[in-house]
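Structural overview for review
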Amino acid sequence: MGDKSDNDVLSWVDLMYVADFFALSGNNHISLLGGEPTLHPNFVEFAYYLYKRNFDQSIFTSGILSAATMEKAKELCVIPEKKLFFVCNINHPCVSPEAEIKQQQTFLDTFGKYCLLSYNIYTPEVDLAFLVDYINRYQLRKVIRLGITHPILGEDNKYIDAEELKTVGKNILKHYDLLSKNEIRLNIDCGFPLCMVDDDELGKLYKLSNGPLRFSCGAAIDIGTNLDVWPCFPLSGYEKRSLYDFSTYKELLEYYGEMMRKIRVERKGIYQECDSCSHMKRDLCSGGCGSYILRKKEQGL
């Protein structure tokens with residue numbers, strides 16, 4: 001939806017075009033992301049408009065809202081829980097300023113029944129205990145979305161090295177007993193390779209999984225404020241097109257799905273072993289995030 005810049009926010013006209021595009025495609029779910037979507041001057045009105053159009057919507061937010069924005073956002077409490085949920089990305093309290101922690105806690109206290117916590121893993125060390133505490137304290141949905149920071153093509157961002165992923169897997173599963181005891185499930189985001197866990201760990205991860213457990217990497221379409229489209233966040237600078245180039249969401253997915261397959265023609269996955277992996281041949285794993293493959297290609301590796 002854009003950030004604080006007035007010339008980089010989604011307009012009403014474009015929002016209605018996106019809504020029409022999704023509706024005509026038979027897709028009744030829309031996610032609002034940013035930047036930080038709550039900074040958009042019409043954030044509440046946009047969310048209410050999508051509700052009245054009968055869309056289910058997920059809003060990705062940090063939960064760090066000013067007092068004025070928080071007061072305005074409370075108007076969304078008229079929307080039924082099944083039609084709206086916030087995916088609230090939380091950093092560990094040890095790396096967050098005290099003021100931001102208090103703002104997040106106010107947000108969770110207000111919108112708890114709408115909230116699902118999200119945590120992006122950016123170091124091999126993984127601590128999920130504080131998320132369990134938040135879920136119990138604020139009566140949140142008993143699901144944690146787990147993502148991994150991948151390389152962003154064209155940028156020098158901090159991300160998990162491919163060789164560290166097995167350590168990440170082991171550190172996630174250290175929380176198995178805690179998560180099971182509290183009946184908390186995990187939504188595993190895209191880009192996790194199957195071989196980051198051994199067979200015993202895979203069984204535990206399956207038991208914790210909230211729905212189908214997939215080790216996939218595919219198109220997760222993003223639409224920008226000017227209606228540019230691209231395959232996913234890590235590839236936000238790769239093969240951009242315009243939404244106007246496509247007639248339906250299915251056509252958009254097929255275009256970027258084929259593009260993602262072409263990425264893996266020369267190199268199947270993030271490891272050399274992916275080329276001969278039987279799990280990849282059986283479509284049990286995609287071989288990790290495509291951004292790693294393109295980054296290695298850029299570096300001539």
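Scroll up to find the structure this text is about.
So, here's what we can say about the structure. A quick note: this is a predicted structure, and the numbers were derived from the prediction, not measured. (Residues numbered from 1 in each chain as written. Predicted model: local features only at pLDDT ≥ 70, side-chain atom pairs only at ≥ 80, totals over all residues. Heavy atoms only, no water.)

**Considerations on the state of the cysteines**
The cut-off we apply is this: Here, two cysteine sulfur atoms that lie within 2.5 Å of each other are counted as a disulfide. Only protein chains enter the accessibility calculation, which uses a 1.4 Å probe. A residue is then buried if its area is under 20% of the maximum for its type, exposed if over 50%, and partly exposed in between.
Applying the stated criterion across every chain yields a total of 0 disulfides. The structure places no disulfide on Cys77, whose sulfur is separated from the nearest cysteine sulfur, that of Cys115, by 9.8 Å. Given a relative accessible area of 33%, Cys77 falls into the partly exposed group. Lacking any disulfide linkage, Cys289 is separated from the closest cysteine sulfur, that of Cys217, by 4.8 Å. For Cys289, a relative accessible area of 5% gives the class buried.

**Considering the nonpolar core**
Condition: Take the buried residues of types Ala, Val, Leu, Ile, Met, Phe, Trp, Tyr and Cys, join any two whose side-chain atoms come within 4.5 Å, and each joined set is a nonpolar core. Contact between two residues is taken to exist if any of their heavy atoms lie within 4.5 Å; hydrogens are not considered.
By size, the foremost hydrophobic cluster in this structure holds 89 residues, and its most contacted members are Phe86, Leu108 and Leu146. Leave out the neighbours within four places in its chain, and Leu146 touches Tyr119, Ile121, Leu128, Ile172, Leu186, Asn187, Ile188, Asp189 and Phe192.

**Topic: the pairing of strand β5 (residues 143–148)**
Cut-off, in case you're wondering: Helix numbering and strand numbering both begin at the N terminus, where a helix is a DSSP run of H or I of at least 4 residues and a strand a DSSP run of E of at least 2. Pairing between strands is defined by DSSP: at least two bridges between the two strands are required. For crossovers, right-handed means that the path from the first strand over the helix to the second runs clockwise, given strands pointing away from the viewer.
Taken across its 6 residues, β5 has 6 buried, putting it largely inside the fold. Where strand β4 (residues 115–121) lies against β5, 5 bridges are found, and the strand directions are parallel. Within β5, the residue paired with Tyr119 across the bridge is Leu146. Crossover β4 to β5 through helix α5 (residues 129–138) is right-handed. Here 4 bridges tie β5 to strand β6 (residues 185–188), and the two strands are oriented parallel to one another. If you follow Arg145 over to β6, its bridge partner there is Asn187.

**Description of the packing of helix α1 (residues 12–24) against helix α2 (residues 43–52)**
Helices that pack against each other are described as a pair by the angle of their axes relative to one another and the distance between those axes. Condition: Lines fitted to C-alpha atoms define the axes, with helix axes restricted to the stretch in contact, and inter-axis angles between N-to-C directions lie between 0 and 180 degrees. Geometric relationships in this document are graded by angle, where less than 35 degrees denotes roughly parallel, more than 145 denotes roughly antiparallel, 65 to 115 denotes roughly perpendicular, and other angles denote oblique. For any helix crossing, the convention is left-handed if the near helix is rotated counterclockwise from the far helix by under a right angle, and right-handed if that rotation is clockwise. When residue character is reported, Ala, Val, Leu, Ile, Met, Phe, Trp, Tyr, Cys and Pro are called nonpolar, Asp, Glu, Lys and Arg charged, and the others, Gly included, polar.
It is the contact of α1 with α2, at a shortest axis distance of 11 Å, that shows an interaxial angle of 25°. Of the possible angle classes, the one that applies to α1 and α2 is roughly parallel. Of the two possible hands of crossing, α1 and α2 adopt the one that is right-handed. Here α1 contributes Trp12, Leu15, Met16 and Ala19 to the contact with α2, which in turn contributes Glu45, Phe46, Tyr49 and Leu50. The residue inventory of the contact of α1 with α2, partitioned by class, reads 7 nonpolar, no polar and 1 charged.

**A closer look at the sheet that holds strand β7 (residues 222–223)**
Taken together, 3 strands build an open sheet; the order of strands is β7-β8-β9 and the sheet is antiparallel. Where the open sheet ends on each side, the last strands, each with one partner, are β7 and β9 (241–242). With 2 bridges connecting them, strand β8 (residues 228–230) and β9 associate as antiparallel partners. Each residue of the ladder has a partner; that of Asp228, found in β9, is Ser242.

**Some points on the pairing of strand β2 (residues 56–61)**
Two elements, strand β1 (residues 29–32) and β2, share 4 bridges in a ladder whose sense is parallel. Bridge pairing in β2 links Ser31 to Ser58. Running through α2, the crossover from β1 to the neighbouring parallel element β2 is right-handed. With 5 bridges connecting them, β2 and strand β3 (residues 84–89) associate as parallel partners. Opposite Gln57, over in β3, you have Leu84 as the bridge partner. Between the parallel elements β2 and β3, the chain passes through helix α3 (residues 67–73) in a crossover that is right-handed.

**Details of helix α4 (residues 98–111)**
Given 3.6 residues per helical turn, the α-helix brings residues three or four places apart onto the same face. We apply this condition: To estimate the expected span of a helix, subtract one from its residue number and multiply by 1.5 Å. This arc is built from the directions going out from the helix axis to the C-beta atoms.
Between its first and last C-alpha atoms α4 spans 20 Å; for 14 residues at 1.5 Å apiece the expected length is 20 Å, and the two agree. Burial in α4 covers these residues: Ile101, Gln104, Phe107, Leu108 and Phe111. Seen along its axis, α4 keeps its buried residues to an arc of 125°; they face one direction. Along α4, the residues that are exposed and aim more than 90 degrees away from the buried face are Glu98, Ala99, Lys102 and Asp109. Considering only its buried residues, α4 is in contact with β2, α3, β3, β4 and α5.

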